[in-house]
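Examination of the molecular architecture
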Amino acid sequence: ATTPFEAAKTALFFYFVITQSLKLCRHVQARGITDSLKDSWTWTYRQVLLLALKVPAVQKEVQQQMNQARLEIEGKLVPQGADVSRHLVLPDEGKPVEWILAEMKKMDGELAIHADWRHGKLSGAVYHGGEDLSRVLVAAFERYTVSNPLHPDVFPAIRKMEAEIVSMCLRMYNNPDGAGTMTSGGTESIVMAVKTYRDWAREVKGITEPEMIVPASAHAAFDKGAAYMKVKVHLIPVDPVTRKANIKRVRKAINRNTILLVGSAVNFPDGNQDDIVVLGELAARHNIGLHVDCCLGSFIMPFLEKAGLSDGEDGGARYKLSPFDFRVRGVTSISCDTHKYGFAPKGSSVIMYRDAALRRHQYYISPSWTGGVYASPSLSGSRPGALIAGTWAAMQYMGSDGYLKSCHEIVSCARTIANTITNSIPELYVLGSPPASVVAFGSKSSEVNIHEVGDKMSKKGWHLNALTGPAAVHIACTRLTLPLVDTFITDLRDSVQEAKLAPSGKGTMVTLYGLGQSSAVGPELVSEVATMFLDTLYKA
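A short tour of the structure in this document, coming up.

Rules used throughout
- Residues numbered from 1 in each chain as written.
- Predicted model: local features only at pLDDT ≥ 70, side-chain atom pairs only at ≥ 80, totals over all residues.
- Heavy atoms only, no water.
- Helix = DSSP H or I, 4+ residues; strand = E, 2+ residues; numbered from the N terminus.
- Expected span 1.5 Å × (residues − 1).
- Buried < 20%, exposed > 50% of the residue type's maximum accessible area, 1.4 Å probe, protein only.
- Arc of directions from axis to C-beta.
- Pairing = 2+ DSSP bridges.
- Axes fitted to C-alpha atoms, helices over the stretch in contact; angles between N-to-C directions.
- Contact = heavy atoms within 4.5 Å.
- Parallel < 35°, antiparallel > 145°, perpendicular 65-115°, else oblique.
- Left-handed = near helix turned anticlockwise from the far one by under 90°.
- Nonpolar A, V, L, I, M, F, W, Y, C, P; charged D, E, K, R; others polar.

In this model helix H16 (residues 522–537) runs 23 Å from its N-terminal to its C-terminal C-alpha over 16 residues, within 8% of the 22 Å that 1.5 Å per residue would give. Buried within H16 are the following residues: Gly522, Leu525, Val529, Met532 and Thr536. On an axial view of H16, the arc spanned by its buried residues comes to 85 degrees, and they lie on one face.

Three- or four-residue spacings in an α-helix give side chains the same orientation, since the helix completes a turn every 3.6 residues. Between its terminal C-alpha atoms helix H7 (residues 186–205) stretches 27 Å, which fits the 28 Å expected from 20 residues at 1.5 Å a residue. When you tally the buried positions in H7, you get 15 out of 20 residues, the bulk of the element. Looking one or two places after H7, you find glycine 206, whose phi comes out positive at around 70 degrees.

A cis amide bond links alanine 265 with the next residue in sequence, valine 266, at an omega value of 10 degrees. Mapped onto the secondary structure, valine 266 falls in the loop between strand E4 (258–264) and helix H10 (276–286). Cis geometry is adopted by the peptide bond preceding proline 470, which originates at glycine 469 and carries an omega value of 5 degrees. Unlike most non-glycine residues, alanine 125 shows phi in positive territory, near 65 degrees. One non-glycine residue, phenylalanine 343, lies in positive phi territory at about 65 degrees. Residue position: phenylalanine 343 is located in the loop between strand E6 (333–336) and strand E7 (349–353).

Next up on the list: the sheet that holds strand E13 (residues 472–476). Read across the sheet, 4 strands follow the order E10-E11-E13-E12 without closing on themselves; strand pairing throughout is antiparallel. For this open sheet the edge positions go to strand E10 (428–430) and strand E12 (465–467), each flanked by a neighbour on one side alone. Taken over all neighbouring pairs, the strand axes of this sheet differ in orientation by 30 degrees on average, direction set aside. In this structure, strand E11 (residues 438–443) lies alongside E13, joined through 4 bridges in antiparallel fashion. Its bridge partner being in E13, valine 438 is matched across the sheet by alanine 476. Contacts from helix H13 (residues 450–459) reach E10, E11, E12 and E13 within the one sheet, and its direction differs from that of E13 by about 45 degrees.

The interhelical angle for the contact between H7 and helix H8 (residues 221–229), taken along N-to-C directions, is 45 degrees, at an axis separation of 8 Å. Classified by the angle their axes make, H7 and H8 are oblique. Here the hand of the crossing between H7 and H8 comes out right-handed. Contacts from Thr187, Ile190, Val191, Val194, Lys195 and Arg198 in H7 reach Ala221, Phe222, Lys224, Gly225, Ala226, Tyr228 and Met229 in H8. Of the residues contributing to the contact of H7 with H8, the split by class is 8 nonpolar, 2 polar and 3 charged.

Printed below as a string of structure tokens:
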């Protein structure tokens, strides 16, 4: 006869087999049989190559190349020479302000070759609202230097300003009765959204193994948030022409553990927007969240309609805006970076929810800590109130008319670049139909490596972003780009011809992104290079 212990072992075995089989079925359903087989083959091939890399001779060769890469990274980031001062220990006596400012000026020039953002040859990076606005921000910083919203009774004006910033953003995105908080940037806003839906789904739906569905074009912060919050990610491919998430694949990926769908308006890589209306219908039908990432679209997307740009060009065939905000049924949260096209100081963003009930799941509360009741709305405890004051000041200074003017100028600039590429640079093509400020372009000529073009642009002083899947380069236009449109187009034409006639194959974009595509272990090698880059940031 079977003993109770043996029966328990058998039951446990079948429970394990059934649960793992269900997980496998959900994974295959989301990825599809073909992609699942490809993933399995890639994983197996990668393991074999990783084992091969452990062979001493191969390992030595790889290590030599990595050491060379480390030296090149340090050469670009860490100033060298006898005249470079290093401040590795506290000074015995405090320094006067004149010395401090002089030393800062000296450090600004210690690297022989570095970008001067004032020249404007940047993709995004610096969202400068003008010198007058900079003075306003400095004045706000000075007034609230020591402030901390963790203590609203001590700094009541900071609490009021943060609430008003959230309120203004909610009204921009057509949800005046919604709720939200400020965060330190787009990544924290997205991580907080993932945390919110995880906790909401656990409390309301009893989901303990949460999953989220994310387009391949969505920001890497969603993967980061999922890694932090232990949420499984189903990555959905985008249409190669429209650059929108494949809705059919999204629909297949939804299961009983799904807590969140993600859409972008616009995405970072190529500046296109997903079909938020259809994603909203799916989210509402399945009673799951839909987060719309407007971190980059920020203070551009809400003003396109008023700027007369939402209908696009050629009767809507190009650059047409689709609904994306809280007016869309099913949209439950939106992230918006105030420190991008809102021209607020760096380190400020807003995460918005359809209602306050959902926002409660973002909070962290510890009622029984020995230090007293601890409660915080986001990841940080203490936060710089000066950033909140600077954000509030920027929004008051710009006003709707200022943001409307900025939107019109920047988007018109982006469309000039996109139209020129489409109409008069036959080797290149524009990815999708970007409605806002970002233009991504790839090569349709076998004679032109687009990353080679990017490297040629770098030599002309431009700092652009390299993309993969497909290989491309993008520029996020800002107010700094406006006077340089003609220069950009001229330099791009020249770079295409130079890349065609005299490719070097040695530039940063070509080398790094070529390494990533070189083999199944390419991503691991790129990750190692990226780790060295991060290490170098902390080399004094």
